[in-house]
Amino acid sequence: MLARGCEYGSSAHEARARLTAWTSGGEGGQFAIWARRGAADGIVFAAQAGSDPAPFAGLNDPLWLRHRFEEAQR
């Protein structure tokens, strides 16, 4: 959602700062690798979806998210 464009009242600057933080650093955190990977995947997803709102509907669907996660593991 952040990569799509300033969701939930975030400014463009705040969104970029969060994405930068989530795609770098955090080497010691228990879930750091998942945070980096999820942020990177989200950026690619948003770029591929472009301005079409339909692909973003799945982001609130736990089954869709689980399927996408499992596909990424292959």
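Residues numbered from 1 in each chain as written. Predicted model: local features only at pLDDT ≥ 70, side-chain atom pairs only at ≥ 80, totals over all residues. Heavy atoms only, no water.

Draft legend 1. Local environment of helix α3 (residues 32-49). Spanning 18 residues, α3 covers 26 Å between terminal C-alpha atoms, matching the ideal 26 Å at 1.5 Å per step. Residues of α3 that are buried include every one of A32, A39, F45, A46 and A49, and no others. Down the axis of α3, the smallest arc covering the buried residues is 155°, so these residues share one side. Those residues of α3 that are exposed and aimed more than 90 degrees away from the buried face are I33, A47 and Q48. Taken from the residues just after α3, G50 is the one with a positive phi, measuring 60°. (Helix = DSSP H or I, 4+ residues; strand = E, 2+ residues; numbered from the N terminus. Expected span 1.5 Å × (residues − 1). Buried < 20%, exposed > 50% of the residue type's maximum accessible area, 1.4 Å probe, protein only. Arc of directions from axis to C-beta.)

Draft legend 2. Summary view of the environment of R37. The residue R37 is located in helix α3 in this model. Judged by its relative accessible area of 33%, R37 falls in the partly exposed class. Separated by 16 residues in sequence, R37 and A21 have C-alpha atoms that sit 12 Å apart. With residues near it in sequence (within four places) discarded, R37 still touches A72 and Q73. (Contact = heavy atoms within 4.5 Å.)

Draft legend 3. Broad picture of the packing of aromatic side chains. Applying the stated criterion to the full structure yields three aromatic pairs. Seen in terms of ring centroids, F45 and F56 are 5.3 Å apart; in terms of plane orientation they differ by 80°. Their pairing is edge-to-face. Here F45 is found in helix α3, whereas its partner F56 is found in the loop between α3 and α4 (62-72), with 11 residues between them in sequence. For F56, a relative accessible area of 4% puts it in the buried group. Just above the ring of F56 sits the side chain of R4; from NZ or CZ to the centre is 4.3 Å. (Phe/Tyr/Trp six-rings, centres within 6.5 Å; stacked < 30°, edge-to-face > 60°. Lys NZ or Arg CZ within 6 Å of the ring centre and 35° of its normal.)

Draft legend 4. Quick look at the environment of V44. Of note, V44 is situated in helix α3. On the basis of relative accessible area, V44 is assigned to the partly exposed category, the value being 45%. Through-space distance from the C-alpha of V44 to that of S11 is 20 Å; in sequence the pair is 33 residues apart.

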